[in-house]
Amino acid sequence: MKQHCFHRDRLAFTISVVLGVTGIPSVLAMEDETLLEEVTVTGIRASLKNSMDVKRDSAGVVDAISAEDMGKFPDSNLAESLQRISGVSIDRRNGEGSRVTVRGFGPDYNLITLNGRQMPSTSLVQNGGGVSQGRAFDMDNLAAESVRALEVYKTGRADIASGGMGATINIITQRPLDRPGLNMSLGAKVLRDTTNVVGDDYTPEVAGLFSWTDEGEKLGFVLTTSYQQRDSGASGAYTTNWITEAYDGTIPQSPGENSGEPIHILNEPELGELRSLPIDLRYIHSDRERTRINGQLTLQWRPIDTLTGTVDYTYARQDIYENRSELSAWMDTYKSDIAFDRGPVHTPALYWEERREQNPRDIGLALQQQNQVNTLKSLGLNLLWQSSDEFELVFDAHQSESSSLPDAGYGNWINIGLGANVSAGQGIDFTGDGLPILLVDFDDGVYGNGNGELEEGEVGSSVRQIFNDRAFAEFTQARLGANFVFNETHSIDFGIESRDMETRLQSSFYQELLAGGWGIANPGDVPAEYLSPINYAKLFNDYNLSLRSNSRDFFDRVSDGRAAPLLLGYTGNAALVGRHLSNAVGLPWAVNPVDNLDRTVHEAVYGAFTQYYFSTDWRAMPVNLVVGLRYEKTEVESTDLANLPSEVIWQSNNDFQIPAGATAIPYSEKAKYNHWLPNVDFDIEFIPGLIGRFSYSKTIARANYDQMGSAASGLSGPSLPTLLSGSTLGTAGSGNPGILPLESDNLDLSLEWYFDESSYVSMGYFRKDVDNFIGTATTDVNLYGLSDPTNGPRALQAMADLTALGEPLNDTNLFSMVAANILGVDFYEYTAEEFENLVDITGNADDAPIIFRVSQPKNSERAVIDGWEVGIQHFFGETGFGLQANYTIVNGDIEYDVEQDPAINGGEQFALTGLSDTANVSLIFEQYGLSARLSYNWRDAFLAGVEDGGRRPRYTDEYSQVDLSIGYEVHENLKLSLDGINLLGEDQRQFARSTSQLLRIEMLGPRYALSARYHF
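Right, let's walk through the structure included here. (Residues numbered from 1 in each chain as written. Predicted model: local features only at pLDDT ≥ 70, side-chain atom pairs only at ≥ 80, totals over all residues. Heavy atoms only, no water.)

Observations regarding the nonpolar core
Alright, step 1. Within the largest apolar cluster, 63 residues are counted, with the highest numbers of intra-cluster contacts made by Tyr283, Ile363, Ile416, Leu418, Leu435, Leu438 and Phe555.
Alright, step 2. A per-element tally of this core places strand E23 (residues 413-429) first, with 6 residues.
Alright, step 3. Sequence-distant contacts of Ile416, defined by excluding residues within four places in its chain, comprise Ala366, Leu367, Val463, Arg464, Leu514, Ala574, Val577, Gly578, Leu581 and Trp589.
Alright, step 4. Counting residues in each nonpolar core, the second largest holds 30 residues, with Ala471, Val605, Leu742 and Phe766 among its members. (Core = buried A, V, L, I, M, F, W, Y, C linked by side-chain atoms within 4.5 Å. Buried < 20%, exposed > 50% of the residue type's maximum accessible area, 1.4 Å probe, protein only. Helix = DSSP H or I, 4+ residues; strand = E, 2+ residues; numbered from the N terminus. Contact = heavy atoms within 4.5 Å.)

Re the sheet that holds strand E1 (residues 62-66)
Alright, step 1. In spatial order, the strands read E1-E8-E9-E4-E5; together these 5 strands make up an open sheet with mixed pairing. Since the sheet does not close on itself, it has two edges, and those belong to E1 and strand E5 (117-118), each with one partner. (Pairing = 2+ DSSP bridges.)

With respect to the environment of Tyr705
Alright, step 1. Inspection of the secondary structure puts Tyr705 in the loop between strand E35 (690-701) and strand E36 (730-733).
Alright, step 2. Given the relative accessible area of 5%, Tyr705 is considered buried.
Alright, step 3. Expressed as a C-alpha distance, the spacing of Tyr705 and Met621, which sit 84 residues apart in the sequence, is 48 Å.
Alright, step 4. Residues in contact with Tyr705, not counting those within four places in the same chain, are Gln133, Gly134, Arg135, Phe475, Thr503, Leu505, Arg599, Val601 and Glu603.
Alright, step 5. Among the polar contacts listed, one links the side chain of Tyr705 to the side chain of Arg135, at a separation of 3.3 Å. (Polar contact = N/O pair within 3.5 Å; in protein donor to acceptor, adjacent residues only side chain to side chain.)

Comments concerning a negative patch on the surface
Alright, step 1. A surface patch of like charges, here negative, comprises Glu401, Glu474, Asp500 and Glu502.
Alright, step 2. By the element assignment, Glu401 lies in strand E22 (residues 391-406).
Alright, step 3. For Glu401, a relative accessible area of 35% puts it in the partly exposed group. (Patch = residues over 30% accessible without salt bridge, like charges linked within 9 Å, V, L, I, M, F, W, Y side chains within 5 Å. Areas by Shrake-Rupley, 256 points an atom, 1.4 Å probe, with all protein chains shown as cover. Salt bridge = Lys/Arg side-chain N within 4 Å of Asp/Glu carboxyl O. Lys, Arg positive; Asp, Glu negative; His and termini not counted. Charge placed at Lys NZ, Arg CZ, Asp CG, Glu CD.)

Some words on the pattern of salt bridges
Alright, step 1. Summed over all chains, the structure comprises 59 salt bridges.
Alright, step 2. With its nearest N and O atoms 2.5 Å apart, the salt bridge here joins Asp332 to Arg361. Here Asp332 is found in the loop between strand E17 (307-330) and strand E18 (334-340), whereas its partner Arg361 is found in strand E20 (residues 361-364), with 29 residues between them in sequence.
Alright, step 3. The partner of Asp771 in a salt bridge is Arg862, with the nearest N and O atoms 3.3 Å apart. Here Asp771, found in strand E38 (residues 759-787), pairs with Arg862, found in strand E40 (residues 849-875); they are 91 residues apart in sequence, far enough to count as distant.
Alright, step 4. A relative accessible area of 54% means that Arg862 is categorised as exposed.
Alright, step 5. Among the charged side chains, a salt-bridge network with shared partners connects Lys55, Asp63, Arg103, Lys154, Asp748 and Glu869.

Remarks on the pairing of strand E16 (residues 280-304)
Alright, step 1. Bridge count between strand E12 (residues 219-238) and E16: 20 bridges; the pairing is antiparallel. Its bridge partner being in E16, Ala234 is matched across the sheet by Ser286.
Alright, step 2. As paired elements, E16 and E17 share 23 bridges and run antiparallel to each other. In the strand pairing of E17, Asp287 is matched with Asn323.
Alright, step 3. Counting the residues between successive antiparallel strands, the hairpin from E16 to E17 contains 2 residues.

Shape descriptors only; they carry no functional weight alone.
Shown next as structure tokens:
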């Protein structure tokens, strides 16, 4: 085994620190100059061998993925390449790898760097409005063609900047002096996404690389470019929430004494047992378009042998468009029949509710649209001076900025509420094969023509919502580092650095009623030519939508045979429909100029480090020791420019609006903290090829930006009028600029056997003892002096009036009664929908203060995460066949208790997220110009997050995927390939307290790419 790099040559030290202001010591620097200059990585086997060499020769636990050739990375997506490394799993968005989890630590707890430099990262929430306020970097921002290698540092190092508690992942791009001479490659792909419905079935991707140096290797540049267009579709279903409570013998909104037959409950829970009820069920379909442009220009200059300068500029842009339709039912009327399952949390297997004496209510036909553009720009400078064989000095700096902005004048996300009042009863069958079936007792005799079919003339407007979200980030970093070699055995690195990071998040929300109001009181106001029928049954063809016999019997009984699956809806261009409906009522088709969020978080980090290297032989066994210490001081200032609300508006039975005020008031808080971060890495080669490792390090990960605000924001109204039984408080969130980073003491033990030129077996144990996990503290308080329009003299009088009339006390009747008293009319003068359109009820001085459940982050938890990583890589002689496989076990000592009553501690629960076992297997063949790889990736179910103030867990179900890549070398310069991703069309599913409680299912399909790449 080679001992570690204590006589690092100029090229090695350049790579070590050129790769970043964070000073990540590229494992390539651990090879001698001859090896670096002579090895040419081509093909799958050579790529895997190079990655194996990285793993073997590194201090600590490091894995890597190398390009097969210039401009050819093993996968078209960087995240999908990383999932093949043990301990690494990925989050997918739109069926494509996006963010990474390492050893159970999610994307926000891993540091991703570009050539060693921390990049700013911004994004807007996709599939909804809002600003993504985490620290995770989206891997799909960067095209794989410009990347030379990926390095995953699983153990902490003093010369690596803080932030990667799970791992630090370094993306290495091309450098001209690394490969002298003239090199060019051009690639073209035809992409086919089988989920596409309305876009182009075949879309293009082109990528090019041009690298040149002069004959003396003193001057050079490399230019890489990439353009990709992808059209796709996404169909699925989701439930907004499940209301979980201890069963007290009643079900909210059950029929009362004056409302007919009482509720029927099968498998009724025992008193005190938990039961859950769904709020809604929504079918969705999205048509998506994405355009991605990447470019990087790197210039290098070596005027004298001892000085090398590097200047690089990186540009990345994504334009994202989505048009989405919904078909939904909101569950808020008489619960008449429920058959619970027998799980630990009683969940409806069959569910039915009725309107009875009320008119049919609406089914939802909302249209949404997303328009956003994400941009990354980075300019960097590196100067390396080698004064002698014993001393080297490097200066590195970069200024980078990122932004995520609306790509339309009407914001980045719009929701146009449409519906049709045709539901006299509605229910859900949860007993199917993963996709719940929505059923409706269809009645268009009151608001339609009574022919029993949903037609355009029965569709009406309700509300429009416009989100105008913006995110900006700017990072400036500088580093001065040095290496001093004492002798063959001892050397030392040391340096100082600074990082100045500023992130600004802005958001406005504009909600206004359209002509139909919440009750869809103006059917036919959407021109028929703006609507197109959509058959969800065809989109859901992988699922059985026929009712089983028990389900059929249940729904026939409760509806007298009228209940039938609802699978036909309407779609249309949300922007076109929204503009028309806004003009019809005189609303400007524009964003709200008043922001409800304007937050700037500024972090300044100052650091210094030193790292000592020792290498020797002990009893003929090579031994290496690295001991380091890093000090960092962090200063934080968080400023919220808050437009404080002045009123709560009760708009309909259970709909509330809390508009931002017109005057912005700044709130600012400061904090600071410091850390000492030691590390020790030790390895010994017992016999040739058998290496044992021990590593200890201390690492940190900083809180997300949405946890660092200074003013309470995101105010929402209660679930029901607060005087009614079953009402839950409205919520708000408040940050904590002084929140401390998570701190982890990390231990790694591993044994690796390198038994052939391209083959190894490894087994490792890891343990992370983590302090300062961020939990949530909730307090029930009034905010900004706001009053509750549902709890005061008007509401109390309305309750008394309803009792006198013998009318049920529910949210619809209560609103109507208050509205009737305000208008001075009889309760029966108007329908509930008409009252909703006539009156908005605003809290006043006579009403009680409205109470919000305010969540604030706090450092309150500690936990232990440990696990095992097992990996193997082997090629079977000269047969061309090979195998790569790994399995990771991850355990945590704090799980979410699905059986805990949400009423305890306000529902607050802390649990470790992202923990799951993973497995990867790749079968490889490479010979006679043919290369092929068949890969299987599996991730077990895991807790993805804890939401709704801790009351609702979100689990992602287990997921597996099969990919295939086949390439053929026509001649030495021309290669053809065919890639297939997710060949079996596996879908993604999320659930709450049990697998029966669907939260989201997204139906995915295979993607194919046929490509040609020519190397000059």
